[in-house]
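If you want the building blocks of each chain, they are given just below.
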Amino acid sequence: AKSVTLQNISKAFLNDKGERSYAVKGVDLNIGEGEFVTLLGPSGCGKTTTLRMIAGFEDITEGHIYFGNEAVDQIPPNRRDCTMVFQSYALFPHLNVFDNISYGLKIKKMSKPDIISKVESVLDIMNLRDYRDRMPNQLSGGQQQRVALARALVMEPGVLLFDEPLSNLDAKLRLVMRDEIRRIQQQIGITAVYVTHDQSEAMSMSDKVIVMNKGRIEQMGTPMEIYQRPKTQFVADFIGTANFMEGTVKGTEEGRLLVDTAAGLLRVHRDGFKTGDRVTVVIRPEAVSLGNGSERKGIVQKSVFMGQTQEYEVQFGGQLFQITEHNPIQEKVHAVGASVSVQFAEDALHVI
Ligand code: ADP
Ligand code: MG
């Protein structure tokens, strides 16, 4: 496995008017050996362009890319030590599974016995042994994607790149393939850069998540850091659902900030703010609970049973809150129009 370093990488395209327009701007990124890093962000934020620059399919307008200590900027894609797995599996339709997987090794002029032993071992890792003689059109979407992954793995690249590889699969299969990709990546200890716009995919697979917005890195961190301590409104909103409350810092107490909001005085994590600062408090839907007390009263505007959860919208403190209750129980569900008391889980509050 290789580490990958992006040093102040930018990519400009010429738009219709012939002006330079940046798809990626000033991206700095260190990906450790054997790390699984995901570029996450909405469509058009520059994920694919970043990945294609790492692969060498796209020239870099500014900056440098290193694999380990080696600058690869001037190295063509076929000589970079990386392989890309695409959303469209791009299997050769006229070659069976074995020949699809062995194709790259043949091009490399590897000896026949070596090819057979490497392909056999990858067929085992990917649970594809029973399918080795099938043609691509005799495989399900999930099996085709496994063959595409096997074809990448057999090349034993220093870096494995994925561009939304599960987008064409149905929801259930996507969940299975997430686990499978993660398992294999850890088993062989390969460095992986994974692109997706699906936040739960990013959270469940990655060592590190890079949230991108308009060509720039908005925040990077572990999935838990990104979810529990989003640094900007964009990140809080893009990763899951969030409620925002404007407030003013009134002081500190036992290492927490006291923030005055329309919902009353809240105690939140400090995160480097001081008395007098105008702040926004971020509150996740599952960090709010509803009760029958007489304080902090709100009115239920929406109450929807989702199976594992009951989803509420509650008018409170001059705004609408999204609230998620786990393990809903019939007798305790609040109906639309009910007057409820609103509580925040202190540990889950923080400010941006
Ligand atoms: P993502 O993968 O996050 O959806 P992309 O990296 O594909 O985003 O695109 C980022 C931006 O760059 C978009 O605005 C897109 O239109 C633009 N872009 C991508 N490729 C080209 C190209 N070959 N020529 C001009 N603009 C491009
Ligand atoms: Mg893309």
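Residues numbered from 1 in each chain as written. Chains lettered and ligands numbered in written order. Predicted model: local features only at pLDDT ≥ 70, side-chain atom pairs only at ≥ 80, totals over all residues.

Visitor: Give a detailed account of the overall build of the protein chain, specifying residues and quantitative values.
Guide: Broken down by element type, the protein chain carries eight helices and 20 strands. Considered along the principal axes of its C-alpha atoms, the protein chain spans approximately 80 × 50 × 45 Å. Burial analysis of the protein chain (352 residues in total) assigns 38% to the buried set. Within the protein chain, counting contacts between residues at least 6 apart in sequence, those at least 24 apart form 64% of the total. (Helix = DSSP H or I, 4+ residues; strand = E, 2+ residues; numbered from the N terminus. Buried ≥ 20, exposed ≤ 12 C-beta atoms within 10 Å, placed from the backbone. Contact = placed C-beta atoms within 7 Å.)

Visitor: Summarise helix 5 (residues 171–188); cite the residues concerned and give the values.
Guide: The end-to-end C-alpha distance of helix 5 is 26 Å, a good match for the 26 Å that 18 residues give at a rise of 1.5 Å each. Looking one or two places after helix 5, you find Gly189, whose phi comes out positive at around 65°. (Expected span 1.5 Å × (residues − 1).)

Visitor: I'd like to hear about the domain arrangement of the protein chain, residue by residue, with values.
Guide: Domain assignment breaks the protein chain into domain 1 (4–236) and domain 2 (241–351). Computed over C-alpha atoms only, the centres of domain 1 and domain 2 are separated by 38 Å. Listed as interface residues are four residues of domain 1 and, on the opposing side, five residues of domain 2. In the side of domain 1 that touches domain 2, the residues fall into two nonpolar, one polar and one charged. (Domains from an automatic or database assignment. Nonpolar A, V, L, I, M, F, W, Y, C, P; charged D, E, K, R; others polar.)

Visitor: Quick one: what's the story with helix 3 (residues 112–125), residue by residue and with numbers?
Guide: Helix length check: helix 3, at 14 residues, gives a terminal C-alpha distance of 20 Å against a target of 20 Å (1.5 Å per residue), a fit within 8%. Among all positions of helix 3, only Ile115, Val119, Val122 and Leu123 are buried. For helix 3, the angular spread of the buried residues around the axis is 105°, confining them to a single face. Opposite its buried face, helix 3 presents the exposed residues Pro113, Asp114, Ser117, Ser121 and Asp124, each directed more than 90 degrees away. Elements in contact with the buried residues of helix 3: helix 2 (97–107) and helix 4 (141–153). A positive backbone phi angle near 55° is found at Asn127, which sits one or two residues after helix 3. (Arc of directions from axis to C-beta.)

Visitor: Give me the sheet that holds strand 5 (residues 70–71): which residues, what numbers.
Guide: Spatial ordering of the open sheet is given by 2-1-4-5, a layout of four strands whose pairing is antiparallel. Each end of this open sheet is capped by a strand with a single partner; those strands are strand 2 (20–31) and strand 5. The pairing of strand 4 (residues 62–67) with strand 5 spans two bridges and is classified as antiparallel. In the sheet register, Phe67 faces strand 5, and the bridge partner there is Glu70. (Pairing = 2+ DSSP bridges.)

Visitor: Describe the packing of helix 2 against helix 3, and please don't skip the residues or the numbers.
Guide: In a packed pair of helices, the relevant descriptors are the angle between the two axes and the axis-to-axis distance. At a minimum axis distance of 10 Å, the contact between helix 2 and helix 3 shows a crossing angle of 130°. Between helix 2 and helix 3, the angle is such that the two are oblique. By crossing handedness, the relation of helix 2 to helix 3 is classed as right-handed. Mapping the contact onto sequence places Phe98, Ile101, Ser102, Leu105 and Lys106 in helix 2 and Ile115, Lys118, Val119 and Val122 in helix 3. Taken together, the residues of the contact of helix 2 with helix 3 break down into six nonpolar, one polar and two charged. (Axes fitted to C-alpha atoms, helices over the stretch in contact; angles between N-to-C directions. Parallel < 35°, antiparallel > 145°, perpendicular 65-115°, else oblique. Left-handed = near helix turned anticlockwise from the far one by under 90°.)

Visitor: Which residues make up the UniProt feature "domain: ABC transporter" (unreviewed entry) in the protein chain, and what are the values?
Guide: Cross-referencing UniProt, the feature "domain: ABC transporter" (unreviewed entry) maps to residues 4–239 in the present numbering. End C-alpha atoms of residues 4–239 are separated by 25 Å, and the span's content is 36% helix alongside 27% strand. (UniProt positions renumbered as here; feature names shortened; annotations may be inferred.)

Visitor: Residue-level account of the site of ligand 1, with values.
Guide: Lining the immediate environment of ligand 1, one finds Phe13, Ala23, Gly41, Ser43, Gly44, Cys45, Gly46, Lys47, Thr48 and Thr49. When residues in the shell around ligand 1 are grouped by element, the largest group, three residues, is from helix 1 (residues 47–55). Grouping the constituent residues of the shell around ligand 1 by class yields three nonpolar, six polar and one charged. (Near = placed C-beta within 6 Å.)

Visitor: Help me get a handle on the sheet that holds strand 6 (residues 82–85), residues and values and all.
Guide: With respect to topology, six strands assemble into an open sheet ordered 6-7-8-3-9-10, the strand pairing being mixed. At either margin of the open sheet sits one strand with a lone partner, and together these are strand 6 and strand 10 (216–221). Neighbouring strand axes in the sheet, compared pairwise and without regard to direction, differ in orientation by 20° on average. Judged from the four bridges that link them, strand 3 (residues 36–40) and strand 9 (residues 208–213) form a sheet pairing that is parallel.

Visitor: Describe unusual backbone geometry, listing the residues and the values that go with them.
Guide: Across the chain, the bulk of peptide bonds are trans and the bulk of non-glycine residues have phi less than zero. Located in the positive-phi region is Lys109, a residue other than glycine, with phi close to 60°. Mapped onto the secondary structure, Lys109 falls in the loop between helix 2 and helix 3. Its identity as a non-glycine residue notwithstanding, Arg296 has a phi of 45°, on the positive side. Looking at the secondary structure, you find Arg296 in the loop between strand 15 (288–291) and strand 16 (297–305). Arg296 gets classed as partly exposed once you count the C-beta atoms within 10 Å, which come to 15.

Visitor: Before we move on, can you summarise the environment of Gly317 with the specific residues and values?
Guide: Note on placement: Gly317 falls in the loop between strand 17 (309–316) and strand 18 (319–326). Residues Gly317 and Ala262 lie 55 residues apart in sequence; the distance between their C-alpha atoms is 5.0 Å. For Gly317, the residues in contact, after removing those within four places along its chain, are Thr261, Ala262 and Ala263.

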